Amino acid sequence: MMDRLTAVIFVLLVSCICRTLGLTCEGSCGLQFLSCSCHSTCESLKTCCTDYKEYCVEALPYSGSILGGTDFTILEASFNSSEIICRFNYGTDTVGYVDDHSRGHCISPLLYETGWIPLNISSDNGTTFNRVGSWLSVHTGKLDAKFKATLVNSTKWQYYGTPDVGGILEMTWNTSLVIADRVNIELWGYRETGEPYSANWQGEWKYLYSLAKDQPNNGSFSFLPKPAENGFASWELGSLRISPSKYPDGMWNVQAAWTEDHALAWHLEEKFRQNSTVWALDKCLAWDKLEDKLPNFLSEIIDCPCTLAQARADTGRFHTDYGCDMEKGSVCTYHPGSIHCVRAIQASPRYAAGQQCCYDSTGAQVLTGDSIGGSTPDRAHDWGSPPFNNPPRIPGQSHWVYDVLSFYYCCLWSDNCHYYFKHRPSSDCRRYQPPSSAVVFGDPHFITFDGVSYSFNGFGEYTLVTSRKKMLTIQGRTEPVSETSIKATKLTAVAMEEKLSDVIEVRLASGHNSLEVLRNQRTLSFSEQSWMDLHGVFVFSPSSTNVTVMFPSGAGVEVRLREGTMTTTVLLPEGFKNSTLGLLGKMNGDPRDDLALTNGQLVQNHNNPEEVFSFGASWAISNKSALFTYDSDYLLNTYLYYPRHDHTFIPVFSVPESPDDPLANQAAEICSGEGAQFCRYDILVGRSPAMGNATKMSFQSHISLVKDLKPVTSCGWLSPPTNGKKEGTTYLQGSKVKLSCDDGYKLKGSEVRVCQSNGQWSGQDTSCVIPSNIAGIVAGSVVGAAALILIITTIVLHSKRKQRKRDNETTSAF
């Protein structure tokens, strides 16, 4: 108790002194004063105001489920009250507490958005919220498994009540997620109300009922489900929450662990269990009628890449779907027959719709016209879309309501997929245009968007890409390969922004064995999450040597660490054509104008290293335009307080050729084929065989990327004829599709059709008709008519003979 009191007194004393001098971080986080700083860079520069950690706070853990319930600690700040109030996004309050070590704890709330959420904390019962930080809200599907409860055999949970699926269900969780000896197991439901696409369209999470109360917190729970009572069966989507038993049922914003949201098959009404197929068909038909009334979103979503190679290479616009990932075993529950799916990263502009593209083991796109496992568009993008908070932009749940539950109704719980695919047909790839790529690697070497390759060993900070049209800027920082007399440089940092997005910087960390990511000059940690939704940009970092940055325009920047060097690849979609300048050239298909100085003058001789060096030097940035972070004396003195291009640094322009060089044999052994000149430079000038080998790998990777992104021609889906079938489900140039008819029908048109280079199918449209014999019919008709005439003539003649006979008999009688 005495230690706590001493700490509180010390904090108050420091705060008083700072206020007297006007140097407090209270209300000033992010600012810099003349004698101290409240900016995030102050820690490494050792210029922080004394109360920086008190008011500019950090949390541990820093992330949690969008559903809330995470208990996180406020690091290093001290609190003198027993209770604190934590305000999220300037409007959602939760009650926190202070532990025995004077550390504050907040409980994350249920949110309807993902990304970094502003956090403000009050220790005076809400009078002032003077401590500032942020909290990362994560989509339930992207949340690391250690932060959520697990449905054991989740397929059983979501098919429960359908034929042959029943019995006991089980769930597990990490007991550290709920600090309590006894817990309740609660069911929460989600629904959306109001008129779709209107101002009153709302999402709602609601406590429904408890499956169990006052259970031991032993990390597992099992039960035998029964149909829900009191109308709760109408809730078809939800999640289970494990929370301390000391709280009332359904209390908001308490520490808790959640399962992923899922279809609540296990609690649906008895009618579902009696005949799930009929029940699901009724739901499917109701959804079909609703879709007929809603706006058509299909025309504004992006087309799918034509091949799996394109889909995996176009990292600026498409990202692996966590539900069907070939790198993790290709579960593909909703896309049987596919081995990998990707999602369009950005939601469509007006309707916030999504695109999903799936591929089979041959690398061909799977279409719903051929398979239930085909690619499907989404009325609501699974990952949500800014500004979030309202349907259809609520991450995860809106997608469940409009795209996933309906798939259960029509396809998984009944065999009526034709209703679903009528509204969710696959987009083929006829309009897809792959992005162009450019790369910086090694010492450093450049390959522009139009394929011009050169080396530029300037020492400074330069513009790699700038586009006024798209308001995209990407800058690169270089520094000498080593502190010795080696006259060569390498890329050590890349900074970028688009429009008013967060500024993202990726740089070599200390020791040059990992990458460090900064957001607005503050280091981002990927220890808990590999994907982050940021302001106007997404960042994905599955490892410390791999970072991908994605912007709304579809621009992507990949940074890979190889042997202490950064390989940076920039991918730009067709919309950037004729709008880029910088060291990576003009993206217009014409390599002749790629090396243009800032004044517009073109390099006349691409093979003249001095002329190329002058071109590169012209793209040095200014202090005003710099996006980089200067958080060390070295960076301040080398770049910020110094010309951005070091004119005193003159690199080696050509590779020295000396048979006596001890590295000559290794260079000859490692470097061969296309791109060998880059590899040789890095070994013989950079004096590093490892770097030369990394350069070789980077060059080969870029060549493979260009190959994967090569445009291909698609003729589009070809339907089988009515009363017939087809062989072949690939629709790219050179593909053949064989058509045939069912028994009793005759083929009319082309039996084999080939996708041609003009994007059209060869041959004639095919149909299946009933065979007919015109000649036989005509002959039969003629014979029949002749026979009929003969019969009629015979009858007439016979009648006349009988009449004459009667007339003769009458005459004889008179």
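Each value, and the rule that gives it
Each chain has its residues counted from 1, running along the sequence as written. This being a predicted model, a pLDDT of at least 70 is required before a residue's local features are given, and a value of 80 or more before pairs of side-chain atoms are given or counted; all residues contribute to the totals for chains, interfaces and linings. Where side-chain values are given, they derive from all heavy atoms of the structure, hydrogens and water being excluded. A helix here means a DSSP run of H or I that spans at least four residues, while a strand means a run of E at least two residues long, and both kinds are numbered starting from the N terminus. Throughout, the radius of gyration refers to the C-alpha atoms, and the reference size of a globule is 2.2 Å times the residue count to the power 0.38. Burial here depends on accessible area, computed with a 1.4 Å probe over protein chains only, as a share of the maximum for the residue type. Under 20% is buried, over 50% is exposed, and the range in between is partly exposed. All accessible-area figures derive from a Shrake-Rupley calculation using a 1.4 Å probe, and residue coverage is judged against the displayed protein chains alone. Note on definitions: salt bridges are taken to be side-chain nitrogens of Lys or Arg within 4 Å of carboxyl oxygens of Asp or Glu. Two strands form a pair only when DSSP identifies at least two bridges running between them. The convention used is that axes are lines fitted to C-alpha atoms, helices contributing only their stretch in contact, and that angles between N-to-C directions extend from 0 to 180 degrees. Should any heavy atoms of two residues lie within 4.5 Å, those residues are counted as being in contact. Confidence of the predictor in every single residue is expressed as pLDDT, which spans 0 to 100. Any Phe, Tyr or Trp ring, taking Trp's six-membered ring, that has another such ring centre within 6.5 Å forms a pair; planes under 30 degrees apart are called stacked, those over 60 apart edge-to-face, and the others tilted. Charge over a ring is defined by NZ of Lys or CZ of Arg lying within 6 Å of the ring centre and within 35 degrees of the ring normal. Should an angle lie under 35 degrees it is considered roughly parallel, over 145 roughly antiparallel, and from 65 to 115 roughly perpendicular; all remaining angles are considered oblique. If you view the pair so one helix is near and one far, a crossing is left-handed when the near helix is turned anticlockwise from the far one by less than a right angle, and right-handed when it is turned clockwise. Three classes are used: nonpolar for Ala, Val, Leu, Ile, Met, Phe, Trp, Tyr, Cys and Pro, charged for Asp, Glu, Lys and Arg, and polar for all others, with Gly counted as polar. The term disulfide is used for any two cysteine sulfur atoms that are within 2.5 Å. The definition of a polar contact used here is a pair of N or O atoms within 3.5 Å, where within protein one atom must be able to donate a hydrogen and the other to accept one, and adjacent residues in sequence count solely through side-chain atom pairs.

Remarks on the overall build of the protein
Then, in step 1: A tally of regular secondary structure across the protein gives 15 helices and 39 strands.
Then, in step 2: In terms of overall size, the protein is more extended than a compact globule, its C-alpha atoms giving a radius of gyration of 36 Å where 814 residues would be expected to give roughly 28 Å.
Then, in step 3: Each principal axis of the C-alpha atoms in the protein carries an extent, and together these give about 160 × 80 × 45 Å.
Then, in step 4: Here the protein, with 814 residues, has 53% of them falling under the buried criterion.
Then, in step 5: Accessible surface for the protein amounts to roughly 36900 Å². Of this, 53% is attributable to carbon and sulfur atoms.

Considerations on the pattern of salt bridges
For side chains bearing opposite charge, pairing can occur when the charged atoms are close.
Then, in step 1: Here the structure, examined in full by the defined rule, presents 39 salt bridges.
Then, in step 2: Ionic pairing is found between D303 and R431, a salt bridge with its closest N-O pair at 2.9 Å. Within this pair, whereas D303 is found in the loop between α6 (276–293) and α7 (308–313), its partner R431 is found in the loop between α9 (417–423) and β21 (436–441), the two being separated by 128 residues in sequence.
Then, in step 3: Residue classification places D303 among the buried residues on the basis of a relative accessible area of 7%.
Then, in step 4: On the basis of relative accessible area, R431 is assigned to the exposed category, the value being 54%.
Then, in step 5: Taking the shortest distance from any N to any O, the salt bridge between K725 and D742 comes out at 3.9 Å. Here the residue K725 occupies a position in strand β35 (residues 724–727), and D742 occupies one in the loop between β36 (736–741) and β37 (746–748), the gap between them amounting to 17 residues.
Then, in step 6: Linked by salt bridges that have partners in common, E43, K53, E58, E76 and R522 make up one network.

Notes on the sheet that holds strand β26 (residues 489–498)
To summarise the sheet geometry, strands pair through backbone hydrogen bonds and adopt either a parallel or an antiparallel arrangement.
Then, in step 1: If you trace the six strands from one edge of the open sheet to the other, you get β24-β25-β26-β27-β28-β29, paired in antiparallel fashion. This sheet does not close on itself; its edge strands, each paired only once, are β24 (461–467) and β29 (522–524). On average, each strand axis in the sheet is inclined to that of its neighbour by 25°, with strand direction left out of account.
Then, in step 2: Both strand β25 (residues 472–480) and β26 contribute to a ladder of nine bridges, which runs antiparallel.

With respect to helix α11 (residues 633–640)
Then, in step 1: Residues L635, L636, T638 and Y639 constitute the buried set of α11.
Then, in step 2: Against α2 (42–45), β24, β25 and β27 (504–508) lie the buried residues of α11.

Focus: the confidence of the model for the protein
Then, in step 1: A residue-level look at the protein finds 92% of positions with pLDDT of 70 or above and a mean pLDDT of 92.
Then, in step 2: Per-residue pLDDT stays below 50 along residues 808–814; that stretch engages in zero contacts with residues further than four places along the chain or on separate chains.

Observations concerning the packing of aromatic side chains
Then, in step 1: Within the structure shown, the criterion is met by 45 aromatic pairs.
Then, in step 2: Plain terms: the ring middles of F456 and F613 are 5.4 Å apart, the flat faces sit at 50° to each other, and that makes the pair tilted. Of this pair, F456 sits in the loop between β23 (453–455) and β24 while F613 is found in helix α10 (residues 609–617), placing the two residues 157 residues apart along the sequence.
Then, in step 3: Accessibility expressed as a relative area gives 2% for F456, which makes it buried.
Then, in step 4: Ring pairs connect the aromatic residues Y159, F272, W279, W287, Y334, W400, F407, Y408, Y409, W413, Y420 and F421, which therefore count as one cluster.
Then, in step 5: A cation over a ring is seen here: R131 above F79, with NZ or CZ 4.2 Å from the ring centre.
Then, in step 6: Across the ring face of W383, the terminal group of K142 is positioned such that the distance to the ring centre comes to 3.9 Å.

Brief notes about the pairing of strand β4 (residues 83–88)
Then, in step 1: For β4 and strand β5 (residues 92–98), the ladder comprises six bridges, and the chain directions are antiparallel. Bridging from a neighbouring strand, R87 pairs with D93 of β5.
Then, in step 2: The turn linking β4 back onto β5 is made up of three residues, and N89 within it adopts a positive phi angle of 55°.
Then, in step 3: Across four bridges, the pairing between β4 and strand β7 (residues 115–122) is antiparallel. Of the residues in β7, the one forming a bridge with I85 is S122.

Notes on the packing of α6 against helix α8 (residues 397–412)
Then, in step 1: Remark: α6 packs on α8, axes separated minimally by 7 Å, with the N-to-C direction vectors making an angle of 135°. By the criterion of interaxial angle, the relationship of α6 to α8 is oblique. Crossing angle aside, the handedness with which α6 passes α8 is left-handed. Residues W279, A280, L281, K283, C284, W287, L290 and E291 of α6 touch α8, and the partners they reach there are Y402, S406, Y409 and C410.
Then, in step 2: Looking at side-chain class alone, the contact of α6 with α8 contains nine nonpolar, one polar and two charged residues.

Some points on the state of the cysteines
Then, in step 1: As enumerated under the stated definition, the model contains 14 disulfides in all.
Then, in step 2: Residue pairing for C341: its cysteine sulfur links by disulfide to C358, the two sulfurs lying 2.0 Å apart. Looking down the S-S bond of the C341 and C358 bridge, the torsion is 110°, so its handedness is right-handed. One end of the pair, C341, is in strand β18 (residues 340–344); the other, C358, is in strand β19 (residues 354–359), and 17 residues separate them in sequence.
Then, in step 3: With a relative accessible area of 0%, C358 lands in the buried category.

Here's the deal with α10
Then, in step 1: Within the span of α10, buried status applies to V612, F613, F615, G616 and A617.
Then, in step 2: Residues of α10 that are buried in the fold lie against β23 and β24.
Then, in step 3: The opening residue of α10, the one whose side-chain oxygen lies 3.0 Å from the backbone nitrogen of E610, is N608.

Section: the environment of S501
Then, in step 1: Tracing the sequence through the fold places S501 in the loop between β26 and β27.
Then, in step 2: The class of S501 is buried, set by a relative accessible area of 7%.
Then, in step 3: In this structure the C-alpha to C-alpha distance between S501 and G536, which are 35 residues apart in sequence, comes to 4.3 Å.
Then, in step 4: When residues no more than four places from it in sequence are discounted, the contact partners of S501 are H535, G536 and F551.

A closer look at the sheet that holds strand β3 (residues 71–74)
Then, in step 1: Strand order in the open sheet formed by eight strands is β1-β3-β6-β5-β4-β7-β8-β2, with mixed pairing between adjacent strands. Strands at the two margins of the open sheet, each flanked by one partner only, are β1 (59–60) and β2 (63–65).

Some details on the pairing of β19
Then, in step 1: β19 sits mainly inside the fold: six of its six residues count as buried.
Then, in step 2: Of the two faces of β19, the one holding G354, Q356 and C358 and the one holding Q355, C357 and Y359 are both buried throughout.
Then, in step 3: In terms of strand pairing, β18 meets β19 through four bridges, oriented antiparallel. What sits directly across from V342, in β19, is C357.
Then, in step 4: Examined bridge by bridge, β19 and strand β20 (residues 377–378) share two bridges and lie antiparallel to one another. For Q355, the partnering residue across the bridge sits in β20 and is P377.

Focus: unusual backbone geometry
Then, in step 1: Residue P61 follows L60 across a cis peptide bond; omega there is -5°.
Then, in step 2: If you trace the backbone, P61 turns up in the loop between β1 and β2.
Then, in step 3: Each neighbour pair has its own omega, and for P386 with P387 the value is 5°, a cis peptide bond.
Then, in step 4: Relative to the helices and strands, P387 is located in the loop between β20 and α8.
Then, in step 5: You will see that C332, though not glycine, has its phi angle at about 50°, which is positive.
Then, in step 6: Note on placement: C332 falls in the loop between β17 (318–320) and β18.
Then, in step 7: Residues other than glycine seldom take positive phi values, yet F388 does so here, at roughly 60°.
Then, in step 8: Mapped onto the secondary structure, F388 falls in the loop between β20 and α8.

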